[in-house]
Every structure is written in structure tokens, then in C-alpha cells.
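# Understanding the architecture of this molecule
Spelled out from the first residue to the last, the chains are:
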Amino acid sequence: MTTIFQKIINKEITAEFLHEDDICIGIMDIDPKAPFHALIIPKQLIARIGVAEESEKQILGHLLLTAKKIASEHDLNEGFRIVINNGPDGGETVPHLHVHLLGGRKLTWPPG
Ligand code: 5GP
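Counting of residues starts from 1 at the beginning of each chain's written sequence and follows it residue by residue. Owing to the predicted nature of the model, reporting of local features is limited to residues with pLDDT of at least 70; listing and counting of side-chain atom pairs is limited to 80 or more, with chain, interface and lining totals taken over all residues. Side-chain numbers here rest on the full set of heavy atoms in the structure, without hydrogens or water.

## Topic: the sheet that holds strand β2 (residues 24–28)
Being paired, for any two strands, means DSSP has found at least two bridges between them. Each helix is a run of DSSP H or I of at least 4 residues and each strand a run of E of at least 2, with the numbering of both proceeding from the N terminus. Strand order in the open sheet made by the 5 strands is β1-β2-β3-β5-β4, with antiparallel pairing throughout. Here the strands that pair on one side only, and so sit at the sheet edges, are β1 (17–20) and β4 (80–83). Between one strand axis and the next, the sheet turns through 15 degrees on average, direction left out of account. Relative to strand β3 (residues 36–42), β2 runs antiparallel, the two being bridged by 5 bridges. Of the residues in β3, the one forming a bridge with I25 is I41. Here, residues are in contact when the closest pair of their heavy atoms is within 4.5 Å. Interaxial angle, 0 to 180 degrees, is taken between N-to-C directions of lines fitted to C-alpha atoms, where a helix line uses only the stretch in contact. The strands touched by helix α2 (residues 57–73) are β1, β2, β3, β4 and β5 (99–103); relative to β3, the strand with the most contacts, the crossing angle is about 155 degrees.

This is the structure in C-alpha cells:
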């Protein structure tokens, strides 16, 4: 099954790109949950963090460092949150790993 994120990576459908390199893309979320809400998505399909493998740790680290880079480029100086939803109880809706980067308001804790 081709996910919506694979179609965005393949440029078959549009998205607001913030970042692209050999390993990942960074796009704005279409339905933002905070004033700033980006998604960092590996080009290689990893369905979710729960099935990620040791051999993919360079990709996983790269996603976090890219999230940090995007945060610094968008003035999230007062803080931000990085979230990965995993599986049905975790709120995952697209089975292609993605890191949420949220900021621009005071985020509450614990999450719902
Ligand atoms: P999940 O719930 O799987 O952790 O997150 C999926 C995210 O993808 C949601 O925040 C949702 O708003 C976003 N999303 C779903 N479809 C699209 C789309 O076509 N374009 C963009 N930019 N984001 C999408």
C-alpha cells in the first residue's frame, strides 16, 4: 500500500516543504495541532518506530536532528515538542514513520 507520505515523497501530491535531503523530508502538517506543526518523514519506508531496526539508527537519529534544525529555523526559542505516535493506542494514522514537531504555544502535559 502506498501511503499519503510516500506520495508526498514521490511528489505525486503536494505539501508545504520545509526541508529535503537524501534521508528525509520535512513538511507542514495539513491539520496543525499547534501554531507550528511539522512532520519529519524518512524517505525509506519504516512503518513505525515499533518495527524500526538497529540498522536504521542512523536514519532515526537524522530525523531528530532534522527536527531540531527545523525548530531553530522557525524561532521555536521558547520550546517545542517532538512526538512519535505508534500503533492504534498511540494515535498513529499513517503507517509510515513520522516525527511530529510542535510549537508556537505553551503545550500542556500530560497529553490527552
Ligand atoms: P499520526 O496520527 O499518524 O501520528 O499523524 C499523521 C499526521 O499526518 C496528522 O497530523 C495529519 O494531520 C497529517 N496528514 C495526513 N494527511 C496529510 C497530508 O496529505 N498532508 C500533510 N501535510 N499532512 C497530512
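## Examining the packing of aromatic side chains
In this analysis, rings of Phe, Tyr and Trp, with Trp reduced to its six-membered ring, are considered paired at centre separations within 6.5 Å, and the interplanar angle assigns stacked below 30 degrees, edge-to-face beyond 60, and tilted for intermediate values. Taken as a whole and judged by the stated rule, the model has 0 aromatic pairs. Whether a charge lies above a ring is judged from NZ of Lys or CZ of Arg, which has to be within 6 Å of the ring centre and within 35 degrees of the ring normal. The side chain of K11 reaches across the aromatic face of F17, ending 5.1 Å from its centre.

## Remarks on the site of the ligand
We define proximity as follows: a residue is near a molecule or strand when any one of its heavy atoms falls within 4 Å of that partner. Within the structure, the ligand sits among 18 residues, and D29, N85, T93, H98 and H100 are positioned closest to it. We call two N or O atoms a polar contact when they sit within 3.5 Å, provided that within protein one can donate a hydrogen and the other can accept it, with sequence-adjacent residues counted only if both atoms are side-chain atoms. Between I30 and the ligand, the recorded distance is 3.3 Å, taken from a backbone N or O atom to a nitrogen atom. Using the Shrake-Rupley algorithm and a 1.4 Å probe, accessible areas are obtained, with residue cover drawn only from the displayed protein chains. Relative to its unbound accessible area of 520 Å², the ligand is 86% covered by the protein chains. Broken down by secondary-structure element, the contributors of at least two residues to the shell around the ligand are α1 (4–9), β2 and β3. A per-element tally of the shell around the ligand places α1 first, with 3 residues.

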